[in-house]
Structure formats: structure tokens, C-alpha cells
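Here is what each chain is made of, one letter per residue.
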Amino acid sequence: MTSPSQRYRITVTPIEKDGLQCSGRCTIELEHRAQQDWMRLLEVARRQTGLSGDERAAAIVATQLLHDLAQRHAHEPTHPLTRLQPQLGEVLGALQDIQQAP
């Protein structure tokens, strides 16, 4: 049985000095199938001391991306993320602790 997942399109667009989006070919887009509902995680995230709303959103998305990528390749002994699993596990745990701090 497969676990439920959400698909997300992540877009990175530089913002020019005048506050406008850049023009031309400067946007990076990727799709990611996530194991958790990021929108729900963002909605229920508590306000953490020292994190702005943008920082909180970035931490949640980054943590979920790393977690999903590490899990996806956990059974591939030659994959670079598998070799980093012990350190990555510590980092992901610390990031999740930050997100749940009062």
C-alpha cells in the first residue's frame, strides 16, 4: 500500500533591486512529491521566537524536501544521501525541534 502524498511545484524567481521579478529565463521550477501536506504544516506552525514567517516557511519546506529525498533513497547504498544519513538524521531532527519550539 502506498502512502498518501501531495505534489508541489516549487518556483524560485530572483527579485530585482526595484522589487520586480526578473525578466527572461531566470526562473527555476521543480516538482516534488511530498509525504506530508506542507500547506497544513505551514498553517499549524507555531510562531517560533527568532523566526520570521518567511524563515519559518523556508525551514518547513527545506526540512520536508530533505526528509523526503533521504527516505526515497534510503535503500540505495551508493546514493549520496544514504552515505549522509547519520548526519542528515541529526540535522532533520534539530530542524523539526526548532519548528515545534514554543
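See the structure printed just above.
Residues numbered from 1 in each chain as written. Predicted model: local features only at pLDDT ≥ 70, side-chain atom pairs only at ≥ 80, totals over all residues. Heavy atoms only, no water.

### Focus: helix α2 (residues 53-72)
Item 1. With 20 residues, α2 should cover 28 Å at 1.5 Å per step; its first-to-last C-alpha distance of 28 Å lies within 8% of that length.
Item 2. Residues Arg-56, Ala-59, Ile-60, Thr-63, Gln-64, Asp-68 and Ala-70 constitute the buried set of α2. Mapping the buried residues of α2 onto a view down its axis gives an arc of 165°, with all of them on the same face. (Helix = DSSP H or I, 4+ residues; strand = E, 2+ residues; numbered from the N terminus. Expected span 1.5 Å × (residues − 1). Buried < 20%, exposed > 50% of the residue type's maximum accessible area, 1.4 Å probe, protein only. Arc of directions from axis to C-beta.)

### Considerations on the environment of Ile-10
Item 1. Considering the arrangement of structural elements, one finds Ile-10 in strand β1 (residues 6-12).
Item 2. When its relative accessible area of 17% is taken as the criterion, Ile-10 is described as buried.
Item 3. Considering only alpha carbons, one finds Ile-10 and Leu-30, 20 residues apart in sequence, at a separation of 5.3 Å.
Item 4. Excluding residues within four positions of it along the chain, Ile-10 makes contact with Ile-28, Glu-29, Leu-30, His-32, Trp-38 and Leu-65. (Contact = heavy atoms within 4.5 Å.)

### Thoughts on the side chain of His-32
Item 1. For His-32, the location among the structural elements is in strand β2 (residues 28-34).
Item 2. By relative accessible area, His-32 is classed as buried at 5%.
Item 3. For His-32, the side chain forms a polar contact with the side chain of Asp-68, separated by 2.9 Å. (Polar contact = N/O pair within 3.5 Å; in protein donor to acceptor, adjacent residues only side chain to side chain.)

### Focus on the environment of Ala-70
Item 1. Within the element layout of this structure, Ala-70 appears in helix α2.
Item 2. Residues Ala-70 and Pro-80, ten residues apart in the sequence, show an inter-C-alpha distance of 9.4 Å.
Item 3. Not counting residues within four places of it along the chain, the set of residues in contact with Ala-70 comprises Leu-81, Gln-85 and Leu-88.

### Examining the pattern of salt bridges
Item 1. As enumerated under the stated definition, the model contains four salt bridges in all.
Item 2. For Glu-31, the salt bridge identified is with Arg-7, shortest N-O distance 2.5 Å. With Glu-31 in strand β2 and Arg-7 in strand β1, this pair connects stretches of sequence that are 24 residues apart.
Item 3. Owing to a relative accessible area of 44%, Glu-31 belongs among the partly exposed residues under this scheme. (Salt bridge = Lys/Arg side-chain N within 4 Å of Asp/Glu carboxyl O.)

### Some details on the packing of aromatic side chains
Item 1. Within the structure shown, the criterion is met by one aromatic pair.
Item 2. Between Tyr-8 and Trp-38, the aromatic rings sit 4.5 Å apart at their centres with planes inclined by 5°, giving stacked as the arrangement. Taken together, the residues span a long stretch of sequence, with Tyr-8 in strand β1 and Trp-38 in helix α1 (residues 38-44) at a distance of 30 residues.
Item 3. Given a relative accessible area of 14%, Tyr-8 falls into the buried group. (Phe/Tyr/Trp six-rings, centres within 6.5 Å; stacked < 30°, edge-to-face > 60°.)

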